[in-house]
Amino acid sequence: MLHQQVHYNVALWLQQRAKTHGAKTAVVELDSKRKVSYAELNEHSSCLAAGLSRLGLRKGDRLAVLMENRVELLELFYACSKLGVVFTPLSFRWTSKELSTTIKHCSPKSLVAEEELLKGKEEALKEVSCVYSLGEGVLGYQSYEELLSTGTGEALAKVNPEDVQTLMYTAGTTGSPKGCLLPYRKTLHNVLNAQLTFGLNEADVALCTLPLFHSGGLFIQAVPTLCTGGTLLLLRRVRGDPHRLLEALEKGKATWFLGVAFHAKLLAGLEKAEDTYRLEAMRFWAFGGEAIPYDVVEKLQVKWPHIALSFCYGTTETSLSIALPPSKRRVSSYLLAKSTRRAPAGKPMPHCEVKISEEGEILVKGPIVFLGYHENPEATAKAFDEDGWYHTGDLAIMDEEGYIYVVDRLYNVIKSGGEKILATEVEEVLLSHPAIADAAVVGVPDEKWGERPIAFVVLKPGFEEEPEQLKAFCASRLAKFKVPDKIIFVEELPRAGPDKVARGGLRKLVLGD
């Protein structure tokens, strides 16, 4: 039986795996070919915990980490959990200004980073008194190896379920990212939900391409896989290359994969990919984030019919809260999507409550919900109602059987002349055009109608289209008031993470502020 004072700490799960399955491969870095066993992962994290303690970090202090997907990030996560230090992962996509703003906001006692990611961002680190780096040491920071070699030990700090384990920043789509305070009990219940949803076992091999500074990569894929005793394959950026992704799945003999709409489109869009990449070891893949067009869902099922296809829903604040039940995996989201022409997120998970408000918003309650936003009491108060329900800001519908279909973001509803236009509905029509690779629709102020839709479109290589042609295409499939007033061609859409379009940035392009 797990000790009452530490049973919420997933670092104890790692310790136990190291004792019972120490020689088994826990993590593989596909880019470097490096392999780490459960015993090594546990030992390194214990040494790091001792090293952080020697630096003066104590329970409740924050350690910032700036890395791509690599073993050291996981070592530091477990080290922080063993010490009670708040693990604070930062996005490697941020500019120097964004990094500086976030560091000032989270006030870390120390920072550990890949040296390559620090180049040109030295100014942002002035607020941090102690910096350790992984690399050649040309920037003059103390080395990660020094931190790793400064101590040994196996003790676990006494943590309470409500203690903050991780400070994780959301990928904001309309404004600055917010820091979510994630407690130990949230991580534990998210692991349990992932295990139940995906039917994880020790033989599973998970390919993780989602960044580990986000909830999807760390808390829905990496930590549940390691708690179950499976093997985690880490791949750095996919870089829009479907061959890179498929080769990783094929050569790594992955059994499951978690992605977003970007990955689904990438996999579905490669002609005759199924002839080269059989993916015989794969038993399922799941996709979350923004809505996936039905034609993409259908292509995936036709290309690889043996792979169960599921969708899931969660936020940084709630992690995994809606998914297709395990007993329905083989029924697959595809069959539901085929009958409704929508991709279902699934049903509420066991360790949470989910309901749809009268306004159509998804509300979540239970042990998988976060504590609040770091140093932002106004946003925290706005996020929760008086009954403790967290308001996600996502709109959804629930059918008679209890399946939930995410429709759009609350702020993506364009109110025009008394009518409501769902941005995703217009986007789905645009994405069904053979010349369009990507599209996003935003509402902008209009003196006559209040708001009107504007579409941003990325064309596929070799295609040329005129805005009026695409507007006519939309008019043949949408009510007149839903047709975008303007179509703007761009080389790529700005993103706030792999699964979210930065719509605020698109509005600024139109409004000029």
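For the structure itself, consult the block above.
## Let's talk about the sheet that holds strand S10 (residues 205–208)
Thinking step 1. Read from one edge of the open sheet, nine strands run S2-S1-S11-S10-S12-S13-S14-S15-S16, paired in mixed fashion. Both edges of this open sheet fall to strand S2 (34–37) and strand S16 (347–348), since each of them pairs with a single strand only.
Thinking step 2. Looking at chain direction, S10 and strand S12 (residues 256–260) are connected through two bridges and run parallel. Bridging across to S12, leucine 207 finds its partner in phenylalanine 257.
Thinking step 3. Packed on one face of the sheet, helix H9 (residues 242–251) meets S10, strand S11 (231–234), S12 and strand S13 (284–288) and runs near 165° to S10.
Thinking step 4. On top of the sheet, helix H10 (residues 261–269) reaches S12 and S13; it is set at about 110° to S12, its chief contact.

## With respect to unusual backbone geometry
Thinking step 1. Of note, the phi angle at serine 107 is positive, near 50°, even though the residue is not glycine.
Thinking step 2. Along the chain, serine 107 falls in the loop between helix H4 (96–106) and strand S5 (110–114).
Thinking step 3. Looking at serine 107, the relative accessible area reads 43%, which means it is partly exposed.

## Some details on the pattern of salt bridges
Thinking step 1. What the rule picks out here adds up to 21 salt bridges.
Thinking step 2. Here lysine 265 makes a salt bridge to aspartate 438, at a shortest N to O gap of 3.7 Å. A residue pair is termed long-range when its members are at least 10 positions apart, and lysine 265 in helix H10 and aspartate 438 in strand S24 (residues 436–446) qualify at 173 residues.
Thinking step 3. Judged by relative accessible area, which is 24%, lysine 265 ranks as partly exposed.
Thinking step 4. Residues glutamate 274 and lysine 303 are paired through a salt bridge, measuring 3.1 Å at the closest nitrogen-oxygen approach. Of this pair, glutamate 274 sits in helix H11 (residues 273–276) while lysine 303 sits in helix H12 (residues 294–303); the two residues are 29 residues apart in sequence, bridging distant segments of the chain.
Thinking step 5. For lysine 303, a relative accessible area of 13% puts it in the buried group.
Thinking step 6. One connected set of salt bridges, linked through shared partners, spans Arg34, Glu68, Arg70, Glu72, Glu75, Glu114, Arg236 and Arg237.

## Looking at the sheet that holds strand S25 (residues 450–459)
Thinking step 1. Read across the sheet, three strands follow the order S24-S25-S26 without closing on themselves; strand pairing throughout is mixed. On the outer flanks of this sheet lie S24 and strand S26 (486–489), each paired with one strand and no other. In this sheet, adjacent strand axes meet at a mean angle of 25° when their direction is disregarded.
Thinking step 2. Contacting S24 and S25, helix H15 (residues 423–431) crosses the sheet at an angle of about 145° to S24.
Thinking step 3. The strands that helix H16 (residues 467–475) touches are S24, S25 and S26; relative to S26, the one it contacts most, it runs at about 125°.

## Quick word on the packing of aromatic side chains
Thinking step 1. Evaluation of the coordinates by the stated rule reveals 16 aromatic pairs.
Thinking step 2. Measuring from ring centre to ring centre gives 5.2 Å for phenylalanine 92 and phenylalanine 213, while their planes differ by 80°; the resulting arrangement is edge-to-face. Of the two residues, phenylalanine 92 sits in the loop between strand S4 (86–89) and H4 while phenylalanine 213 sits in the loop between S10 and helix H8 (215–228), which places them 121 residues apart along the sequence.
Thinking step 3. Judged by relative accessible area, which is 8%, phenylalanine 92 ranks as buried.
Thinking step 4. A residue is classified by how much of its surface remains accessible, and phenylalanine 213, at 3% relative accessible area, is buried.
Thinking step 5. Relative to tyrosine 390, the ring of phenylalanine 370 lies with its centre 5.4 Å away and its plane at 80°, an arrangement referred to as edge-to-face. Of this pair, phenylalanine 370 sits in the loop between strand S18 (361–365) and strand S19 (372–373) while tyrosine 390 sits in strand S20 (residues 390–398), placing them 20 residues apart in sequence.
Thinking step 6. A relative accessible area of 3% means that tyrosine 390 is categorised as buried.

## Some words on the pairing of S26
Thinking step 1. Where S25 lies against S26, four bridges are found, and the strand directions are parallel. Within the sheet, the bridge partner assigned to alanine 455 lies in S26 and is isoleucine 487.
Thinking step 2. Remark: the S25/H16/S26 crossover connection has right-handed handedness.

## Side note on the nonpolar core
Thinking step 1. In this structure, Leu63, Leu74, Leu76, Tyr78, Phe198, Leu218 and Val223 are the most contacted members of the largest nonpolar core, which totals 80 residues.
Thinking step 2. Examining the composition of this core, we find that nine residues originate from one element, helix H3 (residues 71–83), more than from any other.
Thinking step 3. Once residues within four sequence positions are removed from consideration, leucine 218 is found in contact with Leu74, Phe77, Phe87, Met168, Leu212, Val223 and Pro224.
Thinking step 4. Listed in part, the 34 residues of the second largest apolar core include Val205, Leu235, Leu267 and Phe287.

## Re the packing of helix H2 (residues 38–55) against H3
Thinking step 1. Across the interface, H2 lies against H3 with an axial gap of 8 Å and an inter-helix angle of 60°. Relative to H3, the element H2 lies oblique. In this structure, H2 meets H3 at a crossing whose hand is right-handed. Between H2, through Leu41, Asn42, His44, Ser45, Ser46, Leu48, Ala49, Leu52 and Ser53, and H3, the contact on the second element is made entirely by Leu74, Glu75, Leu76, Tyr78, Ala79, Cys80, Lys82 and Leu83.

## A closer look at the environment of valine 191
Thinking step 1. Within the element layout of this structure, valine 191 appears in helix H7 (residues 184–198).
Thinking step 2. Overall, the relative accessible area of 1% leaves valine 191 in the buried class.
Thinking step 3. As a C-alpha pair, valine 191 and alanine 222 span 31 residues in sequence and 9.6 Å in three-dimensional space.
Thinking step 4. Every residue in contact with valine 191, bar those within four places of it in the chain, is listed here: Val10, Trp13, Val223, Pro224 and Cys227.

## Topic: the pairing of S2
Along a regular strand, successive side chains alternate from one face of the sheet to the other.
Thinking step 1. Two strands pair when backbone bridges link them, and strand S1 (residues 25–29) and S2 are joined in this way by four bridges, in the antiparallel orientation. Counterpart to glutamate 29 in the pairing with S2 is arginine 34.
Thinking step 2. In this antiparallel pair of consecutive strands, S1 and S2, the connection spans four residues, and lysine 33 shows a positive phi of 70°.

## Let's talk about the environment of glycine 51
Thinking step 1. Relative to the elements of secondary structure, glycine 51 occurs in helix H2.
Thinking step 2. Remark: the alpha-carbon pair of glycine 51 and threonine 152, spanning 101 residues in sequence, is separated by 7.7 Å.
Thinking step 3. Residues within four places of glycine 51 in sequence aside, it is in contact with Leu147 and Thr150.

About the thresholds
Residues numbered from 1 in each chain as written. Predicted model: local features only at pLDDT ≥ 70, side-chain atom pairs only at ≥ 80, totals over all residues. Heavy atoms only, no water. Pairing = 2+ DSSP bridges. Helix = DSSP H or I, 4+ residues; strand = E, 2+ residues; numbered from the N terminus. Contact = heavy atoms within 4.5 Å. Axes fitted to C-alpha atoms, helices over the stretch in contact; angles between N-to-C directions. Buried < 20%, exposed > 50% of the residue type's maximum accessible area, 1.4 Å probe, protein only. Salt bridge = Lys/Arg side-chain N within 4 Å of Asp/Glu carboxyl O. Phe/Tyr/Trp six-rings, centres within 6.5 Å; stacked < 30°, edge-to-face > 60°. Right-handed = clockwise from strand over helix to strand, strands pointing away. Core = buried A, V, L, I, M, F, W, Y, C linked by side-chain atoms within 4.5 Å. Parallel < 35°, antiparallel > 145°, perpendicular 65-115°, else oblique. Left-handed = near helix turned anticlockwise from the far one by under 90°.

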